[in-house]
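# Fold and geometry: a report
For reference, the chains in residue letters:
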Amino acid sequence: MPKTTAKLEDFEVLVTIGSGTYGTCKKIRRKADSKVFVWKEVDYHGMTEKEKQLLVQEVNLLRELRHPNIVRYHDRIIDRTHSTLFIIMEYCEGGSLADLIARKRKEKTYIEDAFVWQVFHQILLALEDCHRKREGVHKILHRDLKPANVFLDKDLNVKLGDFGLARILHHNFSLAKTFVGSPYYMSPEQFTEELYDEKSDLWSLGCLVYELCALSPPFTAPNQRVLATRVRDGQFRRIPHTFSSELQSVIADLLQTKPSRRPSIRELLESVSQHTTLSPTVQRQTILANLTGKCERKLIQREDIVREKEKALAERERRLIAREKALAEKERLFHKDTHVYRRSPLEPMETNS
Ligand code: 430
């Protein structure tokens, strides 16, 4: 059954969140049910046919990715009069990991070890889904895995986002010549322009998990030349000692300069899942208790909203009871009155005499 196409008027814009690779991103609300989403506004005016083709390809790619740890694509709207494409996606209340890292740096506190494992685990699940061959020929490499591209929903579930620069990789098709990605997370093989494959996404993941712990990337440099040397050297400081040696060890596995030495996603999932066996509710509660800032404020805000709603409900209940009482009283009066005026046919009529 073809579903009805969404229209711009179906939504109201709440606020501009920021801009990404293709354009502005806004928080929106669907008027019909007040559900909140985001949309990416992509101005395709002045794009070449090839670029437009790539855009269509990206949207089709987004549509294909259905995984609990990947930002969910909902719909698209084309505004031909303004040459703008609106890509509607799931709203992630917790913001990005870049926001979280920035907040933690400011607060001078580290993220909980358990939370790092959880993020690690969920990104692995998302990557596993991306790297999975689709219909035997296609697989998707993320190629821009960085904290700004990983989001948290209201329940602190991890959502991998922005496939703006991801490409469908066909068999034996190397994209080594295309220079994309955050330089800090670039793998040694990207610097030397060798093949880019799944293992390069794992290097970036190693950098991301490292940064979650240390709150700064494993390799930094004043310029790209120095950075390339440091990355190729592959030497980095241990993550802070508040984090387990197992975490340090698995990061070291991911940050192997030789791609073939990096573990497979399957192997990683086996070891990582050993650290995320706590019941999700317990973990979430621990994490929530320890995450200060936006998330906690959001929770408090939500509690306030619940309290407000409870107050409103109590007030409604009070009004209802009062109304019921008034009605009962009215009825009682009515019956009293009718008693006076109603005459039973058997009752003899009162005479004034
Ligand atoms: C271009 C934009 O892409 C985004 C934004 C996403 N997002 C969803 N809920 C959010 C809440 C706060 C902030 C961003 C949120 S998902 C997503 C995507 N492409 O999958 C983007 C991308 C990377 C970094 C920043 C931004 C933004 F600021 F423009 F939103």
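Preceding block: the structure.
Quick caveat, the model's predicted, so the values are computed rather than measured. (Residues numbered from 1 in each chain as written. Predicted model: local features only at pLDDT ≥ 70, side-chain atom pairs only at ≥ 80, totals over all residues. Heavy atoms only, no water.)

### Here we look at the overall build of the protein
Formally: Helix and strand labels come from DSSP, where a helix needs a run of H or I of at least four residues and a strand needs a run of E of at least two; each type is numbered from the N terminus. Three labels apply to residues, based on accessible area from a 1.4 Å probe with only protein chains included: buried if under 20% of the type maximum, exposed if over 50%, partly exposed otherwise in between. Here a residue-residue contact requires only that any non-hydrogen atoms of the pair lie within 4.5 Å. Surface accessibility in these figures is a Shrake-Rupley result with a 1.4 Å probe; residues are shielded only by whichever protein chains are displayed.
Along the protein, the regular secondary structure elements total 10 helices and 9 strands. Looking at the protein as a whole, 41% of its 353 residues are labelled buried. The long-range fraction of contacts in the protein, counting pairs at least 24 apart against all pairs at least 6 apart in sequence, stands at 63%. Accessible area for the protein stands at about 20900 Å²; split by element, carbon and sulfur atoms hold 53% of it.

### What about unusual backbone geometry?
Residues other than glycine seldom take positive phi values, yet serine 34 does so here, at roughly 65°. Inspection of the secondary structure puts serine 34 in the loop between β2 (23–30) and β3 (36–43). What makes serine 34 partly exposed here is its relative accessible area of 47%. One non-glycine residue with positive phi stands out, namely leucine 215, at about 65°. Position of leucine 215 relative to the elements: it lies in the loop between α5 (198–214) and α6 (224–233).

### Here's the deal with the pattern of salt bridges
Heads up, the condition is: Just to be clear on terms, a salt bridge is a Lys or Arg side-chain nitrogen sitting within 4 Å of an Asp or Glu carboxyl oxygen.
Going through the model one piece at a time under the given rule, you end up with 9 salt bridges. Between arginine 262 and glutamate 189 there is a salt bridge, with the nearest N and O atoms lying 2.8 Å from each other. Of this pair, arginine 262 sits in the loop between α7 (245–254) and α8 (265–273) while glutamate 189 sits in helix α4 (residues 188–191), and the two are 73 residues apart along the sequence. Assessed through its relative accessible area of 2%, arginine 262 is described here as buried.

### Considering a nonpolar patch on the surface
Spelled out, the test is: Without a salt bridge and with relative accessible area above 30%, a residue can belong to a patch; like charges are then joined within 9 Å and nonpolar side chains (Val, Leu, Ile, Met, Phe, Trp, Tyr) within 5 Å.
A contiguous nonpolar patch, built from Leu14, Val15 and Ile17 and spanning about 240 Å² of accessible area, is present on the exposed surface. With respect to the helices and strands, valine 15 occurs in strand β1 (residues 11–19).

### Some remarks on the sheet that holds β3
Quick reminder of the rule: Here, strands pair whenever DSSP counts at least two bridges between them. Only the contacting stretch of a helix is used when fitting its axis, a line to C-alpha atoms as for every element, and angles between N-to-C directions run 0 to 180 degrees.
Spatially, β1-β2-β3-β5-β4 is the arrangement adopted by the 5 strands of the open sheet, whose pairing is antiparallel. In this open sheet, the two strands that pair with only one neighbour each are β1 and β4 (73–79). Direction aside, neighbouring strands of the sheet carry axes that sit 25° apart on average. Bridge count between β1 and β2: 7 bridges; the pairing is antiparallel. Looking at the pairing, glycine 18 lines up with cysteine 25 of β2. Docked against the sheet, helix α1 (residues 49–64) engages β3, β4 and β5 (84–90), running at close to 155° with respect to β4.

### Thoughts on the side chain of asparagine 69
Condition: Polar contact criterion, stated in full: a pair of N or O atoms within 3.5 Å, where within protein one must be able to donate a hydrogen and the other to accept it, and residues adjacent in sequence count only if both atoms are side-chain atoms.
Tracing the backbone through its elements, the reader meets asparagine 69 in the loop between α1 and β4. Classification of asparagine 69 as buried rests on a relative accessible area of 7%. Separated by 2.9 Å, the side chain of asparagine 69 and the backbone oxygen of valine 158 make a polar contact. The residues touching asparagine 69, leaving out its near neighbours within four places in the chain, are Gln122, Leu125, Ala126, Val158, Lys159 and Leu160.

### Some thoughts on the environment of leucine 145
Mapped onto the fold, leucine 145 is located in the loop between β6 (139–141) and β7 (150–152). Expressed as a C-alpha distance, the spacing of leucine 145 and tryptophan 203, which sit 58 residues apart in the sequence, is 9.5 Å. Apart from the residues lying within four places of it in its own chain, the contact partners of leucine 145 are Ile123, Leu127, Val150, Leu160, Tyr185, Asp201, Ser204, Leu205 and Leu208.

### Here's the deal with the packing of helix α3 (residues 113–131) against α8
Convention followed: Orientation is classified from the angle alone, with under 35 degrees giving roughly parallel, over 145 giving roughly antiparallel, 65 to 115 giving roughly perpendicular, and any other angle giving oblique. Crossings are classed by handedness, with left-handed meaning an anticlockwise turn of the near helix from the far one by less than a right angle and right-handed meaning a clockwise turn.
Relative orientation of the contacting elements α3 and α8 amounts to 155°, with a least axis distance of 10 Å. With respect to α8, the element α3 is oriented roughly antiparallel. Classified by chirality, the crossing of α8 by α3 is left-handed. Along the contact surface, α3 presents Trp117, Phe120, His121, Leu124, Leu125, Leu127, Glu128 and His131, while α8 presents Ile265, Arg266, Leu268, Leu269, Val272 and Ser273.

### Remarks on the site of the ligand
We apply this condition: When we say a residue is near a molecule or strand, we mean one of its heavy atoms is within 4 Å of it. Each residue gets one of three labels, nonpolar for Ala, Val, Leu, Ile, Met, Phe, Trp, Tyr, Cys and Pro, charged for Asp, Glu, Lys and Arg, and polar for the others, Gly among them.
Residues in contact with the ligand amount to 18 residues; listed here are only the nearest, Gly18, Cys25, Cys92, Ala148 and Asp162. Between the ligand and cysteine 92, the relevant distance is 2.7 Å, taken from a nitrogen atom to a main-chain nitrogen or oxygen of the residue. For the shell around the ligand, the elements supplying multiple residues, two or more each, are β1, β3 and β5. Among the elements that take part in the shell around the ligand, β1 stands out by supplying 3 residues, more than any other. Within the shell around the ligand, the residues separate by chemical class into 9 nonpolar, 6 polar and 3 charged.

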